[in-house]
Amino acid sequence: MSEQNASQARTVNTTERSGKADVSSLVLLAVLLAAGFILNMTVGNALAIVGIKPQFIIASYALAILLSNAGFGQAAIFGLVSAAVIQLTTSIPGLNFATELVAALVMAALIRRPLKVGGRDVTPLVATFATTLVSGALFAVAGTLIMGAALGTVVVKIPLVLGTAVFNAVVVQALYFPLKKVLKK
């Protein structure tokens, strides 16, 4: 190394990594999935008695996609990792890999343009509602076909899917802005 090069200060350029898979976004997903799994096993089962079966895992990856501003590749990874966690409690093993992959990609697409109503950002609400609806509808239809039931029986699952979508949307809307502030995202 020459004396001239040794005397020059080194600089490190940093760039915003929003939308790219990195360790911090994967750690965020892991923490949210752990919380979501615990909530599914406790609060989720308790609320199922009244006809609402919240899917905190979906809410968890929706929050992770929002908070990390995930691109499509990262969202796909989030959906597949979430599906792997869901395998511990699902009624139809394997199906969630397809449903959560598609739903996570829907979430990534819907967060690209903020949606404001009356000056308030409702992107988390609308995107999570649509994401949960897609996941639930795909699971209901495909699960019905896999189980060999008549496709018409999906109709009885519609209120459960809609209730879950509303619940998840409200949870994510309520948590997104405080978490964003705490995480300084």
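About the cut-offs
- Residues numbered from 1 in each chain as written.
- Predicted model: local features only at pLDDT ≥ 70, side-chain atom pairs only at ≥ 80, totals over all residues.
- Heavy atoms only, no water.
- Axes fitted to C-alpha atoms, helices over the stretch in contact; angles between N-to-C directions.
- Helix = DSSP H or I, 4+ residues; strand = E, 2+ residues; numbered from the N terminus.
- Parallel < 35°, antiparallel > 145°, perpendicular 65-115°, else oblique.
- Left-handed = near helix turned anticlockwise from the far one by under 90°.
- Contact = heavy atoms within 4.5 Å.
- Nonpolar A, V, L, I, M, F, W, Y, C, P; charged D, E, K, R; others polar.
- pLDDT = per-residue confidence, 0-100.
- Buried < 20%, exposed > 50% of the residue type's maximum accessible area, 1.4 Å probe, protein only.
- UniProt positions renumbered as here; feature names shortened; annotations may be inferred.
- Polar contact = N/O pair within 3.5 Å; in protein donor to acceptor, adjacent residues only side chain to side chain.

(A) Spatial organisation of the packing of helix α3 (residues 56-68) against helix α6 (residues 123-146). Here α3 crosses α6 at 135 degrees, and the two axes come no closer than 10 Å. Comparing their axes, α6 and α3 come out oblique. Both α3 and α6 take part in a crossing whose hand is right-handed. On α6, the residues that touch I58, Y61, A62 and L66 of α3 are P124, T128, T131, T132 and S135. A breakdown of the residues in the contact of α3 with α6 according to their chemical character gives five nonpolar, four polar and no charged.

(B) Structural detail: the confidence of the model for the chain. Chain-level statistics for the chain give a pLDDT mean of 88 and a share of 87% at 70 or above. The element-level mean pLDDT for the chain is lowest in helix α1 (residues 3-7), coming to 53, with helix α5 (residues 95-110) highest at 98. Confidence drops under pLDDT 50 across residues 10-17; counting only partners more than four residues distant or on other chains, this segment forms two contacts.

(C) Inspection of the environment of A84 at higher detail. With respect to the secondary-structure elements, A84 resides in helix α4 (residues 72-86). Classification of A84 as partly exposed rests on a relative accessible area of 40%. Taking the C-alpha atoms as reference points, A84 and E100, 16 residues apart in sequence, are found 9.7 Å from one another.

(D) Representation of the UniProt feature "transmembrane region" (unreviewed entry) in the chain. When the UniProt feature table is mapped to this numbering, "transmembrane region" (unreviewed entry) covers residues 26-49, 61-86, 92-111, 123-152 and 158-179. As annotated, residues 61-86 has a helix share of 88% and a strand share of 0%, and its two end C-alpha atoms lie 12 Å apart. In the segment residues 158-179, helix accounts for 100% and strand for 0%; the C-alpha atoms at its two ends are 31 Å apart.

(E) Here's a closer look at the environment of G36. Following the sequence through the fold, G36 ends up in helix α2 (residues 23-47). Each C-alpha atom, one on G36 and one on S82, is 9.9 Å from the other, the two residues being 46 residues apart in sequence. If we skip the residues at most four places from it in the chain, G36 touches F56, I57 and S60.

(F) Looking closely at the side chain of T144. Tracing the backbone through its elements, the reader meets T144 in helix α6. Looking at T144, its side chain comes within polar contact range of the side chain of K157, at 2.7 Å. Each residue touching T144, except ones within four places of it in the same chain, is listed here: F139, A149, A150, L151, T153, V154 and K157.

(G) Fine view of the environment of Y61. As for its placement among the helices and strands, Y61 is situated in helix α3. For Y61, a relative accessible area of 0% corresponds to the buried category. Residues Y61 and L33 lie 28 residues apart in sequence; the distance between their C-alpha atoms is 7.1 Å.

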